[in-house]
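The residues making up each chain are set out below.
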Amino acid sequence: MNDSEARLISEAERRLGPKAVITDQREIEPWVTDWRGRVHGAAPAMLAPSSTEEVAEVVKLASEHRVPLVPQGGNTGMSAGATPPGDGSAVLLSLRRMNRIRSMSAENRLAIAEAGVILATLHDAAHEVGMRFPLTLGARGSCTVGGLASTNAGGTQVLKFGTMRSLVAGVEAVLPDGSIHNGLSGLKKDNRGYSLDQLLIGAEGTLGVITAVALKLVPAITGRAVAWAGVDTPADALRLLRFLEVHTDSVEGFELIPEECLQLVVKHIRGTRSPLHGSHQWHVLIEATTSKPVIDIGGQLERLLTRALQEGIIGDAALAASEAQAEAFWKLRDSISEAERAEGQTLAHDISVAVGDMPAFLLEASSEVERTFPGVSATGFGHLGDGNIHFHVRAGSRTKPDWYEGEGAEITRFVDDLVTAAGGSISAEHGIGQLKRAELARLTPPGRVQALRAIKQALDPLGIMNPGKLVP
């Protein structure tokens, strides 16, 4: 701890009280490593303000003493965007004590939630007033609203509702000079120049600290149907999606899963099993919902899948007979990353290409990676309907202690080159963080990189907001 950090910590404790300042390294330790366990940082303290005003106090102190801050919510990010530097040169700023839902209005279809509200808690609160917040993902029990907005999270319902950016009606944030931006009015029309709200969404804490968000709600569902289908190829999966879209607008989840990922889940995750008899090279998890009580959504989906089977689009299908079975289907999808981590070293690439190009890209890229690096296993799973696939490469027989830093980095560059050549993005929903900064700099046109740097410099001239993240 240097003198500047010591002064900041001392003044923060005096102004905010002892509950807001944590210096015990045993308490800090769980929060200085990223979720994947690949990046390890250090921090002399973790500050935990309980209000926007207290966040503003912390940011003013950080500005005064030139001490960098690393904002953090649930620490569930996939790009190490909330992990402090390894040299202990930054202080963690935890938003987890800011966990109040300030308002929940069915009439306005709007919720105002503080940054530390856990996604599952928001889901429950919306349900109590007959509404729904239509974004979900595997980490819903621990990820926080502020982190979701800061990373422009996606999830499994983007197909129908879009990413977090589409669901945020306004942002409250503390800017790098300690001033407070309040954009929580939720106005549908507001044409007063540059949108600070949209600038802060997806900025990963590099331009300010999001303290609360106004979120769009939709009516609660009255019916839900979840199905699992087996297909021969990713092209057949996309064909199934287009078939369903012609006949219904109820599909909001459509997840592509290769057989090898399913088998890893069954192998490593207790209480899981394949939903279908027999073997299928690829699988699709489908969720259809309705907010209209008169619609039999289960019957509708069953009839459509029967037709798809008759037309040879799918090889087999199973419709969940209960909520428990529906959740069991989703557990298979949500547990893939956990199962891969249990299996061994895995490189995760969160990529997107045009939806129509994804089936061919997925097969060709997997083949090229495995041919170039014999012994690895490459495949992809995820949100086929919006062109976002999690393209993972498992080390297999090439496993060794320094695989990530050595050959893993080479494989990532190889995959990113394939994605870029296909006109895609190397970060579809997980953000850049610190894991993808070098690749962003290497593959992004110079004009865009310069614009990112200029925005950062204009809003954060001291460079105290989440240094070493996002901006090359």
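Refer to the structure presented above.
It should be emphasised that the depicted structure is a prediction, and the values quoted were computed from it without experimental measurement.

Caption draft 1: Structural detail: the environment of Thr 289. Counting through the fold element by element, Thr 289 comes out in strand S14 (residues 282–290). Residue class for Thr 289 comes out buried when judged on its relative accessible area of 4%. Sequence spacing of Thr 289 and Glu 327 is 38 residues, and the spatial spacing of their C-alpha atoms is 14 Å. Residues in contact with Thr 289, not counting those within four places in the same chain, are Arg 132, Lys 160, Ile 221, Gly 223, Arg 224, Ser 250, Glu 252 and Ile 297. Within the local environment of Thr 289, its side chain forms a polar contact with the side chain of Glu 252, the two groups lying 2.7 Å apart.

Caption draft 2: Up close: the nonpolar core. Core analysis: the biggest nonpolar cluster contains 47 residues, and Leu 240, Leu 244, Ile 286, Val 369, Phe 391 and Ile 411 have the highest contact counts within it. Counting residues per element, this core draws most heavily on helix H9 (residues 234–247), at 6 residues. Core analysis: the next-biggest nonpolar cluster, separate from the first, contains 30 residues, Leu 122, Leu 137, Ala 153 and Met 164 among them.

Caption draft 3: Structural view of unusual backbone geometry. In the Ramachandran plot, Arg 66 falls in the positive-phi region, its phi being about 60° despite a non-glycine side chain. By the secondary structure assignment, Arg 66 is in the loop between helix H3 (52–65) and strand S3 (69–72). Not every positive phi belongs to a glycine, and Arg 109 is a case in point at roughly 50°. Of note, Arg 109 is situated in the loop between strand S5 (101–105) and strand S6 (110–114). Judged by relative accessible area, which is 45%, Arg 109 ranks as partly exposed.

Caption draft 4: Spatial organisation of the sheet that holds strand S8 (residues 168–174). One open sheet holds the 5 strands; their spatial order is S5-S6-S10-S8-S9, and the pairing between them is antiparallel. Two strands in the sheet have a free side with no partner beyond their single neighbour: S5 and strand S9 (180–182). Averaged over all neighbouring strand pairs, the angle between strand axes comes to 15°, with direction disregarded. Packing against the sheet, H3 makes contact with S5, S8, S9 and strand S10 (209–216), and its axis sits at approximately 50° to S8.

Caption draft 5: The pairing of strand S18 (residues 388–394), seen in detail. The buried fraction of S18 is high, at 7 of 7 residues. The side-chain alternation of S18 yields two buried faces, one formed by Asn 388, His 390, His 392 and Arg 394 and the other by Ile 389, Phe 391 and Val 393. Pairing between strand S16 (residues 346–352) and S18: 7 bridges, direction antiparallel. Paired with Ile 351 across the two strands is Ile 389, which belongs to S18. Hairpin connection, strand S17 (residues 377–383) to S18: the antiparallel pair is bridged by 4 residues, and Gly 387 has positive phi, about 75°.

Caption draft 6: Quick peek at helix H14 (residues 358–372). Given a rise of 1.5 Å per residue, 15 residues ought to cover 21 Å, and the 21 Å separating the end C-alpha atoms of H14 matches this to within 8%. What H14 keeps buried is the set Met 358, Pro 359, Phe 361, Leu 362, Ala 365, Ser 366 and Val 369. Considered in projection along H14, the buried side chains sweep an arc of 165° and stay on one side of the axis.

Caption draft 7: Representation of the packing of H14 against helix H15 (residues 404–421) in the model. At a closest axis distance of 11 Å, the pairing of H14 and H15 adopts a crossing angle of 150°. For the element pair H14 / H15, the angle class is roughly antiparallel. Here H14 and H15 pass one another in a crossing that is right-handed. Here H14 contributes Phe 361, Ala 365, Glu 368, Val 369 and Thr 372 to the contact with H15, which in turn contributes Ile 411, Phe 414, Val 415, Leu 418 and Val 419. Partitioning the contact of H14 with H15 into residue classes produces 8 nonpolar, 1 polar and 1 charged.

Caption draft 8: Summary view of the packing of H9 against helix H11 (residues 297–310). Contact geometry for H9 and H11: axes closest at 11 Å, N-to-C directions at 135°. The orientation of H9 relative to H11 falls into the category oblique. Here the hand of the crossing between H9 and H11 comes out right-handed. From H9, Leu 240, Phe 243, Leu 244 and His 247 reach across to H11, where they touch Leu 301, Leu 304, Leu 305, Arg 307 and Ala 308. Here the contact of H9 with H11 is built from residues that sort into 7 nonpolar, 1 polar and 1 charged.

Caption draft 9: Summary view of a nonpolar patch on the surface. Together, Leu 196, Leu 199, Ile 455 and Leu 459 give the surface a local cluster of nonpolar side chains, amounting to about 260 Å² of exposed area. Elements with a contribution of two residues or more to the nonpolar patch: helix H8 (196–200) and helix H17 (446–459). For Leu 196, the location among the structural elements is in helix H8.

Caption draft 10: Representation of the packing of aromatic side chains in the model. Tallying each qualifying case throughout the model produces 3 aromatic pairs. A centroid spacing of 6.0 Å and a plane angle of 65° characterise the contact between Trp 228 and Phe 329, whose relative ring orientation is edge-to-face. Note that Trp 228 is positioned in strand S12 (residues 223–231) and Phe 329 in helix H12 (residues 323–334), a separation of 101 residues in sequence. With a relative accessible area of 4%, Phe 329 lands in the buried category. Judged by centre distance (5.6 Å) and plane angle (55°), the rings of Trp 403 and Tyr 404 are tilted. Taking NZ or CZ as reference, Arg 96 lies 3.5 Å from the ring centre of Trp 31, over its face. Seen from the ring of Trp 35, Arg 341 lies directly overhead, with NZ or CZ sitting 4.2 Å from the centre.

Caption draft 11: Structural view of the sheet that holds strand S2 (residues 46–47). A sheet is described by the order of its strands in space; here 4 strands give the open sequence S1-S2-S4-S3, paired in mixed fashion. The open sheet has two free edges, formed respectively by strand S1 (21–22) and S3, since each of these has just one partner strand. Where S1 and S2 come together, 2 bridges link them in antiparallel fashion. Looking at S2, one finds that Val 21 is bridged to Leu 47. Here H3 sits on the sheet and contacts S2, S3 and strand S4 (91–94); the angle it forms with S3, its principal contact strand, is near 155°.

Thresholds applied
Residues numbered from 1 in each chain as written. Predicted model: local features only at pLDDT ≥ 70, side-chain atom pairs only at ≥ 80, totals over all residues. Heavy atoms only, no water. Helix = DSSP H or I, 4+ residues; strand = E, 2+ residues; numbered from the N terminus. Buried < 20%, exposed > 50% of the residue type's maximum accessible area, 1.4 Å probe, protein only. Contact = heavy atoms within 4.5 Å. Polar contact = N/O pair within 3.5 Å; in protein donor to acceptor, adjacent residues only side chain to side chain. Core = buried A, V, L, I, M, F, W, Y, C linked by side-chain atoms within 4.5 Å. Pairing = 2+ DSSP bridges. Axes fitted to C-alpha atoms, helices over the stretch in contact; angles between N-to-C directions. Expected span 1.5 Å × (residues − 1). Arc of directions from axis to C-beta. Parallel < 35°, antiparallel > 145°, perpendicular 65-115°, else oblique. Left-handed = near helix turned anticlockwise from the far one by under 90°. Nonpolar A, V, L, I, M, F, W, Y, C, P; charged D, E, K, R; others polar. Patch = residues over 30% accessible without salt bridge, like charges linked within 9 Å, V, L, I, M, F, W, Y side chains within 5 Å. Areas by Shrake-Rupley, 256 points an atom, 1.4 Å probe, with all protein chains shown as cover. Salt bridge = Lys/Arg side-chain N within 4 Å of Asp/Glu carboxyl O. Phe/Tyr/Trp six-rings, centres within 6.5 Å; stacked < 30°, edge-to-face > 60°. Lys NZ or Arg CZ within 6 Å of the ring centre and 35° of its normal.

Worth remembering: the numbers are spatial, not functional.
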